[in-house]
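Coordinates in review
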Amino acid sequence: MKRFAALYQQLDQTTRTSEKVEALRRYFAEAPPRDAAWGLMCLSGKRLLRTISIKVLRASAVDVSGVPGWLLGECYDAVGDLSETLALLLPAPGHDPDIPLHRVFEELIVPMGQSQAADAAALLRRAWDLLPRDQLFVFHKLISGTFRVGVARGLVVRALAEAAGLEPDTVAHRLSGPFEPTEAAYRAMMSARTLQDDLGHPYPFCLAHQLEVDPRTLGEAHDWLAEWKWDGIRAQLIRRGGKTFLWSRGEGVIGGQFPEIARMGDSLPDGTVVDGEVLAWHITPAGEKPLPFHRLQTRLGRKNLQPSLFDQTIVVFMAFDQIEHERRDLRSTAFEERRALLERTVQTLRAAPNSQGDNASDGDAPIRASPLVSHATWDDLAAARAAAAESRESEGLMLKHRRSVYHVGRQRGNAATGDAGWWKWKVDPYTIDAVLVYAHPGSGRRAGLFTDYTFAVWDRGELVPFAKAYSGLTDEEIIKVDAYIRRHTLDRRGPVRFVKPELVFEIAFQEIHPSTRHRSGVAVRFPRIARWRTDKAAADADHLATLNKLIALDDSSVPIKKKPRLARAQRDFPRPPPRPEQA
């Protein structure tokens, strides 16, 4: 644990890429494999779940430190990071043992996540008796699910490749699949085994950059293939060794949630990997179209799917690339060649008999090739993007250079080969003017500043909260808003400030749909601050009726017939104040 805590400090204290890679390389080369396995899991971005509730963590800290709960809260507000606050308040142990990282996980953290509150608290106190203050800080990050360190996944890949003497692409491919933090798995990760041994592993996903300039700067339009940008779950469908795997970009196996796609994947030729998007789909005699992303959420996170869910939401796998054929890696092949092969693969798949012995028609095949957008000029593509903005059936366009290879992660292509990469030309988001009503302090670099905001719109003379956002303002604007919040706090509930409703901001978001979980009756996706509307007063902000008009009136939007069920925080928090002129 001492070695891992020291690595965390080294990574946190430098911004130089070379120093971070060297620190990581040294750790992977010197740490015992059993410890390095757990370290790799933490550093490579594998999701670390919270293993103990914040309530138990705070209560235990009050008991052990003797610090009253209110003072602990004040300290947290000042420090801005709970892990650091607890590490500073708790008494240091009388000795400084070097407990191996694997023991910390296997004897403390993992059992803590499997225990009831009382047993978890006992394990927590045992850790506090053993670990010194510098290790406690990292330990708290691990058990609270807040472990973050300024290291991109690519740097971990580089360091691991240097330590193992492997090609970075090989390491990136292995990290894209399942990884168990065991000594055997770590030794296999560092071994010289071939791609043929990685049966169920997906490839690292190729990602696109956001296009924020005139697309004409990319060159001639005929050098680019265009597709619709879908709003679903990015995934790779893999058929190897007589088995089918459906992997999401979040590195989870989701074939159980979408068995109709996995079943049709069984008909793919062995040694095939296709990249695409899982979409909720709407099929009627009049036509078909994609449904909003939230319709997929009825299946996500469920271990046991009820048959009724399959009737409620039809799903398809919209494939847009083929990156493996007959167990041959195609990622370095030009995109237009991969795309042509994909269309032949999907066509063959459609001709294969389904479970009823019939051929899969266009209307019922869950695996399809994403249609290309026909164009001759950039003006043609601009018109297609405008149509997407009007219908909201896609998020815009994907632009892929004909000679582009399948990169690892987000890259801008290779000028030497004429590969200009992948770009996403998204439609403009929805925007609405809203009033700042609540503020919460930030953490980490933003500790000590109020940077997390709740925004509201008008409804029958009241301000109704509808979204939270914390990104979009400049550092200078954050300081100004923070000063306003401190001067105009009307009420306080723990760390949350109830702010005088005067500041108006333009809030942008990608999707909106009805919700019974929010007081406003609506939920938005990816809200962020577009700009500070210093030219508007609170009375000029938008109304809830405006949000309701943005909700598409189709089969995907079921009217809310029951009274919205408010979350506890919304029930307990006071209502926003009346209009400023009535205050």
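Here we summarise the structure given alongside this text.

What counts, and at which threshold
- Residues numbered from 1 in each chain as written.
- Predicted model: local features only at pLDDT ≥ 70, side-chain atom pairs only at ≥ 80, totals over all residues.
- Heavy atoms only, no water.
- 1 Å grid on protein atoms, 1.4 Å probe; cavity = no way out; pocket = protein on both sides within 12 Å on 5 of 7 lines; lining within 4 Å.
- Points joined across faces, edges and corners; volume = space filled by probe spheres on them.
- Helix = DSSP H or I, 4+ residues; strand = E, 2+ residues; numbered from the N terminus.
- Nonpolar A, V, L, I, M, F, W, Y, C, P; charged D, E, K, R; others polar.
- Axes fitted to C-alpha atoms, helices over the stretch in contact; angles between N-to-C directions.
- Parallel < 35°, antiparallel > 145°, perpendicular 65-115°, else oblique.
- Left-handed = near helix turned anticlockwise from the far one by under 90°.
- Contact = heavy atoms within 4.5 Å.

This part covers empty space enclosed by the protein. Summed over the entire model, instances satisfying the criterion amount to 1 cavity of 30 Å³ or more. Lining the largest cavity are Ile-99, Arg-103, Val-104, Glu-107, Leu-108, Arg-126 and Leu-130. Those elements that provide at least two residues to the lining of the largest cavity are helix H7 (101-113) and helix H8 (117-130). Here the element with the most residues in the lining of the largest cavity is H7; it accounts for 4 residues. Here the residues of the lining of the largest cavity sort into 4 nonpolar, no polar and 3 charged.

This brings us to the packing of helix H5 (residues 69-79) against helix H6 (residues 82-89). To describe two helices that pack against each other, one gives the angle between their axes and the distance between the axes. Between H5 and H6, the shortest axis-to-axis distance is 9 Å and the interhelical angle comes to 125°. When the axes of H5 and H6 are compared, the pair comes out oblique. The handedness of the crossing between H5 and H6 is right-handed. Across from Leu-72, Cys-75, Tyr-76 and Val-79 in H5, the residues of H6 making contact are Leu-82, Glu-84, Thr-85, Leu-86 and Leu-89. Class assignment for the residues of the contact of H5 with H6 results in 7 nonpolar, 1 polar and 1 charged.

Backbone geometry at Glu-326 places phi at a positive 55°, although glycine is not the residue there. With respect to the helices, strands and loops of the structure, Glu-326 is situated in the loop between strand E8 (314-325) and strand E9 (328-329). Residues other than glycine seldom take positive phi values, yet Arg-460 does so here, at roughly 50°.

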